[in-house]
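A closer look at the structure
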Amino acid sequence: MSRLELRSALPLILFAWVLLRVEGSIHDYAGVRFVGKGNAFVIHGGSEGIYSSRPTYNATGAPANGDAFIRFEKIKFRRPREFSNFSSGLIQAVVFEVDDRETIGGSAYGGQRAICCTADLAKLGVCTQGEIIHRPSTKNQDWPQVFGVSFKEDKSVATLQPRSIEITETGMYNLYFIHCDPKLKDVTLGGITMWKNPTGYLPGRMAPLMNFYGIMSLAFVILGIFWFSQNARFWREVLPLQNCVTLVITLGMFEMAFWYFDYAQFNRTGVRPTGITIWAVTFGTVKRTVSRLIILMVSMGYGVVRPTLGGLTSKVVMLGVTFVMASEVLELVENVGAVSDLSGKARLFLVLPVAILDAFFILWIFTSLSATLTKLHDKILTAISEFDTNDIGQAKRMMAKLDIYRKFTNALAVAVIVSVGWICYELYFKSRDVYNEQWQNAWIIPAFWQVLSFSLLCVICALWAPSQNSTRYAYSDDGSEEFDKDDTLTLIKPSPMPKDVRGGPETRSLHGGNSLPSEDVEEEKTE
């Protein structure tokens with residue numbers, strides 16, 4: 001056996017490229033060079049999930065005529081003119097469904113696997129030396145599809161004849177260009193391949209997302225109608241924080257609309273529209289950043305129990321700017337252009353800062369919530385213990401605020417727990433799906449995060465919806481609600497979570513007297 005033989009050749013190649021796919025369904029090859037893999041030279045031409053053709057197949061290329069195919073157009077191989085004085089062996093294109101990956105390559109007497117036929121295998125008569133080893137699939141004798149072209153003597157260009165391969169079985173299809181001649185190591189590839197599903201050019205794993213973003217656009221419109229109508233009815237009572245929520249809803253509408261148009265254009269043309277994608281990414285990044293900053297400011301009590309963030313304003317702004325920059329770079333790299341240019345280490349380099357910043361946001365939010373709840377609890381107890389009429393009235397407002405903050409804390413805690421659980425599921429899903437065999441379910445992963453963030457936004461809208469009582473739950477400048485200077489919310493020294501105010505002895509005594517009936521608290525929260 002040759003020392004260039006490939007150990008488990010094809011699975012290793014597939015694994016190397018699993019996260020390095022070209023995003024477009026029209027794959028453009030411009031001067032791509034072959035890479036040595038064992039005893040073969042390989043170019044990965046693409047991997048996409050494709051649904052089977054509908055009954056009438058004609059390969060006309062119309063975006064939604066029920067056809068599914070992989071088409072080769074203007075595929076040309078070029079070699080330097082100084083190395084064109086000989087005729088070459090075949091340069092072959094190999095198209096196979098992922099379940100048939102073991103039909104490519106082989107070994108003699110149970111030894112190491114190789115892609116190219118070796119002398120030992122040729123002696124056994126199972127292949128032709130210098131060509132690719134392949135055998136028919138057990139599911140379909142016509143697969144894998146293998147065809148090729150060779151260089152003629154004194155010719156520097158070899159052209160592969162145009163062809164269209166009908167897809168009759170749903171699956172994850174892979175394309176490789178392979179040759180076995182070391183003298184052709186400087187050959188480059190040019191041309192395009194078109195990958196089409198029955199409903200258009202969107203890759204199968206992305207196709208459901210177009211309808212999903214359409215539904216999410218409608219959901220944001222419905223939420224916006226509710227929120228904007230409340231703003232119009234109670235415009236005199238609208239708080240600054242509620243204006244921030246309005247901004248988030250508006251950004252969400254634009255984000256979902258741009259994603260829908262991005263996928264619709266991609267599905268129609270086969271090429272992802274760079275401009276629309278950039279706008280969708282930018283609106284989404286700004287929306288996520290503003291959402292996190294709003295949650296952080298609410299957790300600190302801004303606009304509810306304190307008028308400003310004080311010395312923390314610059315730190316909050318700095319955190320927001322850092323997050324929006326890191327997220328924008330990551331999203332642009334993942335959604336614009338060809339992901340195949342980005343290595344796994346580079347992806348990790350971009351994902352890690354965003355993950356760290358998210359973790360910092362979560363830690364700071366819950367630390368601030370703990371301090372805010374403690375402060376509200378202490379203010380209520382102080383007002384009750386002094387038995388002053390004005391303080392009792394203030395305590396009623398504080399009780400209402402405390403109730404809202406507790407619901408808000410519970411919603412955030414549920415969101416974090418669900419997020420951690422989903423991250424664990426993602427890791428499990430990706431570790432078990434090395435070859436993208438579960439591509440039909442892959443769209444659920446990005447869709448989940450959109451649904452979770454939208455659900456949390458709905459909770460915030462329900463808790464802080466504009467009403468005739470909005471200003472009653474805002475910060476009062478009479479001095480009774482102001483935090484002391486030494487109560488600045490910090491990340492270093494979080495306050496403990498308070499006990500249930502209504503469960504304490506001080507609160508229970510109120511239900512027996514006439515100082516602060518529970519019905520009054522509910523009445524204060526009624527529009």
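Residues numbered from 1 in each chain as written. Predicted model: local features only at pLDDT ≥ 70, side-chain atom pairs only at ≥ 80, totals over all residues. Heavy atoms only, no water.

Where two cysteines share a covalent bond between their sulfur atoms, that bond is called a disulfide. Across all of its chains, the model carries two disulfides by this definition. Disulfide pairing places Cys 116 opposite Cys 180 at an S-S distance of 1.9 Å. Across the S-S bond of Cys 116 and Cys 180 the torsion is about -90°, and the bridge reads as left-handed. Of this pair, Cys 116 sits in the loop between strand 5 (90–97) and helix 2 (119–123) while Cys 180 is found in the loop between strand 9 (171–179) and strand 10 (188–196), placing the two residues 64 residues apart along the sequence. Across the disulfide from Cys 117 sits Cys 127; the S-S distance is 1.9 Å. Judged by the sign of its S-S torsion, about 70°, the bond between Cys 117 and Cys 127 is right-handed. Of this pair, Cys 117 sits in the loop between strand 5 and helix 2 while Cys 127 sits in the loop between helix 2 and strand 6 (145–150), and the two are 10 residues apart along the sequence. With respect to class, Cys 117 is no different from Cys 127; both count as buried. Taken in sequence order, the bonded cysteines of the protein link in the pattern 1-4, 2-3. Looking at Cys 458, it has no disulfide partner, and the nearest cysteine sulfur is the one in Cys 461, 6.2 Å off. Given the relative accessible area of 28%, Cys 458 is considered partly exposed. (Disulfide = S-S within 2.5 Å. Helix = DSSP H or I, 4+ residues; strand = E, 2+ residues; numbered from the N terminus. Buried < 20%, exposed > 50% of the residue type's maximum accessible area, 1.4 Å probe, protein only.)

Glancing now at the packing of aromatic side chains. Working definition: an aromatic ring pair is given by the centre-to-centre distance plus the angle between the planes. For the coordinates displayed, the defined rule picks out 27 aromatic pairs. A ring pair is formed by Phe 212 and Tyr 213, whose centres lie 5.4 Å apart and whose planes are at 65°; its orientation type is edge-to-face. Put simply, the rings of Tyr 29, Phe 34, Phe 72, Phe 77, Phe 147 and Phe 177 pair up and form one aromatic cluster. Sitting over the ring of Phe 147, Arg 163 keeps its end group 3.9 Å from the ring centre. Geometry around Tyr 263 places Arg 272 over its ring, the cationic atom sitting 5.3 Å from the centre. (Phe/Tyr/Trp six-rings, centres within 6.5 Å; stacked < 30°, edge-to-face > 60°. Lys NZ or Arg CZ within 6 Å of the ring centre and 35° of its normal.)

Two elements in contact, helix 5 (residues 274–300) and helix 6 (residues 313–335), have axes separated by 9 Å at closest approach and are oriented at 150°. With respect to helix 6, the axis of helix 5 lies roughly antiparallel. The crossing of helix 5 and helix 6 is right-handed. On the side of helix 5, the interface is formed by Thr 277, Ile 278, Val 281, Thr 282, Thr 285, Val 286, Arg 288, Thr 289, Arg 292, Leu 293, Leu 296 and Met 300, while helix 6 contributes Val 316, Leu 319, Gly 320, Phe 323, Val 324, Ser 327, Glu 328, Glu 331, Leu 332 and Asn 335. Each residue belonging to the contact of helix 5 with helix 6 can be placed in one class, and the counts come to 11 nonpolar, seven polar and four charged. (Axes fitted to C-alpha atoms, helices over the stretch in contact; angles between N-to-C directions. Parallel < 35°, antiparallel > 145°, perpendicular 65-115°, else oblique. Left-handed = near helix turned anticlockwise from the far one by under 90°. Contact = heavy atoms within 4.5 Å. Nonpolar A, V, L, I, M, F, W, Y, C, P; charged D, E, K, R; others polar.)

Relative to the elements of secondary structure, Gln 450 occurs in helix 9 (residues 444–463). Classification of Gln 450 as buried rests on a relative accessible area of 10%.

A few words now on the packing of helix 3 (residues 207–233) against helix 9. In contact at an axis separation of 12 Å, helix 3 and helix 9 are set at 5° when each is read in the N-to-C sense. Put simply, helix 3 runs roughly parallel to helix 9. On helix 9, the residues touching Leu 209, Phe 212, Tyr 213, Met 216, Ala 219, Phe 220, Leu 223, Phe 226 and Trp 227 of helix 3 are Pro 446, Ala 447, Gln 450, Val 451, Phe 454, Leu 457, Cys 458 and Cys 461. Its residues placed into classes, the contact of helix 3 with helix 9 shows 16 nonpolar, one polar and no charged.

So, on to helix 5. When the terminal C-alpha atoms of helix 5 are compared, their 39 Å separation across 27 residues agrees well with the 39 Å that a helix rising 1.5 Å per residue should span. Gly 301 occupies a position one or two residues after helix 5 and carries a positive phi of about 95°. (Expected span 1.5 Å × (residues − 1).)

In total, this model carries 11 salt bridges according to the counting rule given. In this structure, the salt-bridge partner of Arg 288 is Glu 331, at a minimum N-O distance of 4.0 Å. Note that Arg 288 is positioned in helix 5 and Glu 331 in helix 6, a separation of 43 residues in sequence. (Salt bridge = Lys/Arg side-chain N within 4 Å of Asp/Glu carboxyl O.)

Before going further, it helps to examine the confidence of the model for the protein. Across the protein, pLDDT averages 79, with 76% of residues at or above 70. Averaged pLDDT values for the elements of the protein fall to 36 in helix 1 (residues 9–17) and rise to 95 in helix 3. Here residues 338–343 is a poorly scored stretch, pLDDT under 50, and it has 16 contacts once near neighbours within four places are set aside; other chains count. With pLDDT under 50 throughout, residues 478–527 is counted as low confidence; its partners more than four residues away or in other chains account for 95 contacts. (pLDDT = per-residue confidence, 0-100.)

Of note, Ile 276 is situated in helix 5. For Ile 276, a relative accessible area of 26% gives the class partly exposed. On a C-alpha basis, the gap between Ile 276 and Phe 258 in space is 6.3 Å, while along the polypeptide they are 18 residues apart. Apart from residues lying up to four places away in sequence, Ile 276 is in contact with Phe 258, Phe 261 and Asp 262.

Right, let's get into the pairing of strand 9. Residues in a regular strand point their side chains to alternate faces of the sheet. Strand 9 sits mainly inside the fold: nine of its nine residues count as buried. Pairing between strand 3 (residues 40–50) and strand 9: nine bridges, direction antiparallel. Directly across from Ile 50, in strand 9, lies its bridge partner Gly 171. With seven bridges connecting them, strand 5 and strand 9 associate as antiparallel partners. Each bridged residue has a counterpart across the sheet, and for Gln 92 the counterpart in strand 9 is Ile 178. (Pairing = 2+ DSSP bridges.)

Okay, helix 6 next. Here helix 6 spans 32 Å end to end across 23 residues, near enough to the 33 Å set by a 1.5 Å rise per residue. Among all positions in helix 6, only Val 316, Leu 319, Gly 320, Phe 323, Ala 326, Ser 327, Glu 328, Leu 330, Glu 331 and Asn 335 are buried.

Within the fold, Ser 217 resides in helix 3. Once residues within four sequence positions are removed from consideration, Ser 217 is found in contact with Met 256 and Ala 257.

With that settled, consider the nonpolar core. Nonpolar side chains tend to gather and get buried jointly when the protein is soluble and globular. Core analysis: the largest hydrophobic core is formed by 65 residues, its most contacted members being Tyr 263, Leu 296, Phe 408 and Leu 457. Ranked by the residues each element gives to this core, the list is headed by helix 5, at 11 residues. Contact partners of Leu 457, with chain neighbours within four places excluded, come to Phe 220, Leu 223, Val 245, Val 248 and Ile 249. Ranked by size, the runner-up nonpolar core spans 29 residues in total, among them Tyr 29, Ala 68, Phe 77 and Ala 93. (Core = buried A, V, L, I, M, F, W, Y, C linked by side-chain atoms within 4.5 Å.)

This paragraph deals with unusual backbone geometry. Leaving glycine out, the prevailing phi sign among residues is negative, and the prevailing peptide bond configuration is trans. Residue Trp 143 is joined to Pro 144 through a cis peptide bond whose omega torsion reads -5°. Here Pro 144 lies in the loop between helix 2 and strand 6. One non-glycine residue, Lys 74, lies in positive phi territory at about 55°. Its identity is not glycine, yet Asp 154 carries a phi of approximately 65°, on the positive side. Examined against the element boundaries, Asp 154 turns out to sit in the loop between strand 6 and strand 7 (157–159).

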